[in-house]
Structures are given as C-alpha cells and as structure tokens.
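# A structural walkthrough
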Amino acid sequence: MTGQGPPSGDNSRAEPTDAQLVEKFRGGDQAAFGTLMSRHERRVYNIAYRMLGRPEDARDAAQDAFLSCFRHLGSFRGDAAFTTWLHRITVNACYDALRKRPPEPAPIDEIPEPAPVRDHADRAVASVDVHRALALVPMEFRGVLVLCDIQGLPYDEVALTLQIPVGTVKSRLHRGRVALARILLGEPPPPAEPSKPAAGDPGTEAATGSRP
Amino acid sequence: MNHPHEMLAAYVDGTATMPERAEVEAHLTFCPACQEEIRLARSALVSLRALSEVEAPELDRTAFGLPGLAPSRSEEAAQAIWGNRELEPAGAEKARAGRFVEAPDVDFPSSSVRRPAPSGPRRSTPRWPVRTAQAALAAAAILVGVVIVVNLGGGHDATTTAAATPKAPGTAPRAETAFGASQAYSAATFTRLAEDLAQEVKDQARELPSSPAPGALASANSTAGDNVISQTSACVRQATGLSASATLYYAQGARYEGTKAYIGAFVGSSGQQRSLIVVAVSVDGCRTLRYIRLAL
C-alpha cells in the first residue's frame, strides 16, 4: 500500500496522506510528524491500553512507540503502509513493557468503562470485566485480539503488522477468543507458555521495521 | 482429530467463505469440543467488539521538538485533520491507474446515501464521496425517505417502512452519491472512512440540542439510494444481526480490498455510550469483510 489518507488531488487545500507527511518530515518539515501523531495517537493509545490494561502503562508505551517512530522514520521504506509500521512498533512497545513487568493480579484503577453492554443476543457483559479479562489472556494472543477484534483490522493487515502468517493470526485469534471467554466464565487462566518467545512474537529488532 | 482452528476464527466472525463454512459445519457435526469452542469464541468476540474506544491523554511532543503543536487538539491541528478535504476513495495499490478503480461491471449499485444533518450542510465542500453533477440535480428533486424504527433497549421490534416524504424547500440534505462502480477501499482507507464518519456524527450531535429523530435517511437519487439502503441493511443483518438494533447512518456500495461490498455505518447506544459501527459485507454471500466500532 502506498499509504492512507486523502490524495493531493485537485484541491490544493486537501489534507496530505501519511506517505506525503513522511516525505515532508524526511525533507526537514518537523511539524509533519506532529500531524502524523495527532492523526494516529488515539488509536495507538487504545491499542496499548487494551494490551497493557493500565492507563499509565499505555501512555508510556504509546509515548515509546512515537519516539521509536520518530527515530526510525528516516529509514522507513514505505513498502508497507505507515499505519502497519506504526501499529507494529506499538505492539512491540507493549510486548517490551509486558516482558519487563512481573506477573501481577488484574489491574485496578482502569479508565471507567461505559454502562454494561447488551449484545444482540441480549446478554449483558460488563466492559470492565472484559478489559480485566483481556489482561489475563496469554501475551501471544493479546496482540491479535486487540488488532482483529477491537481495532477491526483484517487478517492480512494483522499478519503484516505482526510479521506472522495469516494462518497463525487466525489460529491465535480463535484460541485467544476461547481463552478470553473461559476467563470471563471464571475458569482459571490457561497455563503460561514457556518463557521463550512464541513463534512470530516480534523481538525488539523489529522496532526499526527493518523487515518489510 | 484435526481441528480447523484457522477456519474456526473466520467462521465465528463471519469472514469465512462458503466452502470454509461448509467444511467447518461438517467438522462440527462430530466434534462437540469445537462446538463448545465456537460458542465460547462467539461470546468473546461480542464482548471485545462491545469495548469502546477510550480518550487518549496528551502525549508529550517536546521530545520531537514540536512546541508549536501542543496541545494536540489546537484548532489548527483539528482543522488539519478534520477540515475540508477530499478523501481518496480508491485503493492505493500501485497497479491501479489514477484515483478511481474502474470496475468492469456497471450493474453494481454504487450510490451512497447518508443521513442528512437537519441543520444543513456543515461544510460547503463535499467530503465523502465525490459529488457529481447528476447528484446536484437530484438533490433538488423530491426525496424519498426510508424510515427505520429503532428500538435501542434490547427488544426486537425494529421495523423498516418506506415512506414518501417530500423535503421542505430550503432544507436540502447532505445526501451525496458517487456514480460508477468507482468507489474502492483498502483496509487503510476504510479505517479512515470509519473515523471520518464517526467525527461527522459527533459534529452533528454537537450542533443539535438533542439527538436527531431516528430514521429519515434521505436519498438524492431515490431509486439507487433506496436499493443501497435496503440491500445494505439486509446483507449486514444477515452477516452480523446488527441493523435490527441500530440506526443506519451511511450506506454505500463499493469495493473493499477488491471485493464488491455493502458498507454500512450504524449508530447505536448502550446506556450512555453511543457508538458508530462501520461494516463492510460482501455482496456475494453477505460475509463480514471488516468490522470497526468507534465511540462517539
């Protein structure tokens, strides 16, 4: 993809695409990064919040993600969409934060959630419980759950973002959903995987987006 | 026994193809373990989709040497993001020439309709999608409104009736149509569409003392518009069960990542929280291609 956002087109007042902002930034226009940040920070923060559970951790991870983005934007080749790359950096920053964190009980003092939701089968599921349950889902499932089911990104996009095959996205997604449902039912969380990174779990070297 | 985990994910969220669905259902007939997993996965998916977007705190921009852009929601920055602009409708693949994807088939309904803002157009420049001369002419004509009765309390009394409602002169709606099967979205531009629509709905709510009356989706081109509205509703209902409980705000026939799709944006609420759900479902088989939910 060559980037998202509106084209320059006929209207000279049209807003630049992500790709154009990246070029402007590379050309020395620092303010272009600010526009990119304003455009994407809410989504980046929400990804981090749902992956990490605590607002302050999410804020730190979002900050780290933009810092990493800022530092490496010069070497971003543009062979993936800017957002694919930014989301990858965000998820990596979250994994880094999770690895540094000792295992803890469910987070407290989360952002207040809206009133309980009734889904179309008329069951009420409190959003705060879902948020807490998400924090107990094994790490390797959390990325796909957040990107696919909360952010609504398609499988291909998530596969590119996490640099794993589409089949792995789907398989983790299914197992992650089942794990989340069991946690919501009060069953004990599934046993943690051994401490080696799961296949496809992006390591810190991927923060540079060095792989296409 | 081999459990088709990959296909189970697609089966649960409605993105499975027909052959995949058939294969999964065949497996489910003799696999109670997977039947149980499907039930669990479905309820998890519903729970996850029900989560709302949260407000982001101010992020520190001084690390990037950007003092002039703090705070991030300054009027200029907001204008840069949400102000007048033309949005790219076409997928951004390099193989495609120009801004628009020309699909070979012309029978595909390609008009889009949008609930009008009762206070009139907010911006003088049409934003999404591109307005054509034909749409401008049609906007002056008598419009047919499709009224969708909404029951947001969890019941199932939603009914759809078509009523001929002449628009009073001087209240031209913001209905816009795109002609030709030339609207195509990539995953990235679809995300942007969803975010833009959410902002539109939020802006309209701010301008009005109370929520707009449910329904009253007006079409500039009555025949094509009605077709898009009813086909989008029916197909999305089949794929997600959604439109029975939410107000249709935007309907469009277009392509999503190359697949002919109905795109619908629905406003719903639970308690105090209003949300916009933007869905792309395939014309062929009413499969969910994409599902985004944004807080309003």
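Sequence order as written defines the numbering, with residues in each chain counted from 1. Lettering for chains starts from A, numbering for ligands starts from 1, and both go in the order in which the items are written. Reporting in this predicted model follows two pLDDT cut-offs: at least 70 for local features of residues, and 80 or more for side-chain atom pairs to be given and counted; totals over whole chains, interfaces and linings ignore these cut-offs and use all residues. Excluding hydrogens and water, the side-chain figures rest on all heavy atoms present in the structure.

## Regarding the environment of L86 of chain A
Residues and elements named next belong to chain A. Selection criterion: Secondary structure follows DSSP: runs of H or I at least 4 residues long count as helices, runs of E at least 2 residues long count as strands, and numbering of each begins at the N terminus. Contact criterion: two residues are considered in contact whenever any of their non-hydrogen atoms come within 4.5 Å of each other.
Examined against the element boundaries, L86 turns out to sit in helix 4 (residues 82-100). Sequence separation of L86 and F66 is 20 residues, and the distance between their C-alpha atoms is 8.0 Å. Setting aside residues no more than four positions away along its own chain, L86 makes contact with H40, V44, F66 and C69.

## Section: empty space enclosed by the protein
Worth spelling out the cut-off: Cavities and pockets are defined on a 1 Å grid built over the protein atoms alone: a cavity is a set of grid points where a 1.4 Å probe fits but cannot escape, while a pocket is an open set with protein on both sides within 12 Å along at least five of seven lines, and lining residues are those with an atom within 4 Å of any such point. Grid points are joined across faces, edges and corners, and a volume is the space filled by probe spheres set on the points.
A complete count under the given rule lists three cavities of 30 Å³ or more for this structure. Computed from the structure, the largest cavity encloses a volume of approximately 150 Å³. Lining the largest cavity are 14 residues, with I150 and Q151 of chain A together with E53, R293 and L294 of chain B sitting closest to its centre. If you list the elements that add at least two residues to the lining of the largest cavity, you get helix 2 (31-52) of chain A together with helix 6 (187-207) and strand 9 (288-295) of chain B.

## Looking at the packing of aromatic side chains
Residues and elements named next belong to chain A. Spelled out, the test is: Each Phe, Tyr or Trp ring (for Trp, its six-membered ring) is paired with any other whose centre lies within 6.5 Å, and the angle between the two planes then decides the class: stacked below 30 degrees, edge-to-face above 60, tilted in between. Three labels apply to residues, based on accessible area from a 1.4 Å probe with only protein chains included: buried if under 20% of the type maximum, exposed if over 50%, partly exposed otherwise in between.
Enumeration over the complete set of coordinates arrives at nine aromatic pairs over all chains. With a centroid separation of 6.2 Å and an interplanar angle of 5°, the aromatic rings of Y45 and Y49 are classed as stacked. With a gap of four residues between them, Y45 and Y49 both fall in helix 2, about one helical turn apart. For the pair Y45 and Y49, one class covers both residues: buried. Through successive ring pairs, a cluster of aromatic residues spans F25, F33 and F70.

## Remarks on the state of the cysteines
Residues and elements named next belong to chain B. Using the following cut-off: Only a pair of cysteine sulfur atoms within 2.5 Å qualifies as a disulfide here.
The tally for this structure, following the rule as stated, stands at one disulfide over all chains. Bridging C235 to C286, the disulfide has an S-S length of 2.0 Å. Across the S-S bond of C235 and C286 the torsion is about -105°, and the bridge reads as left-handed. Here the residue C235 occupies a position in helix 7 (residues 222-240), and C286 occupies one in the loop between strand 8 (273-282) and strand 9, the gap between them amounting to 51 residues. Both residues of the pair, C235 and C286, belong to the buried class.

## A short note on the nonpolar core
Within soluble globular proteins, side chains that are nonpolar tend to cluster in buried spots. Inclusion rule: Within this scheme, the nonpolar core is defined by two criteria: the residues are buried Ala, Val, Leu, Ile, Met, Phe, Trp, Tyr or Cys, and they are joined through side-chain atoms within 4.5 Å.
Judged by nonpolar contacts, the single largest core of 78 residues is most densely connected at F33, L73 and F82 of chain A. Of all the elements, helix 2 of chain A adds the most residues to this core, at 11 residues. One finds F190, A265, L276 and V278 of chain B within the second-largest nonpolar core, a separate group that totals 22 residues.

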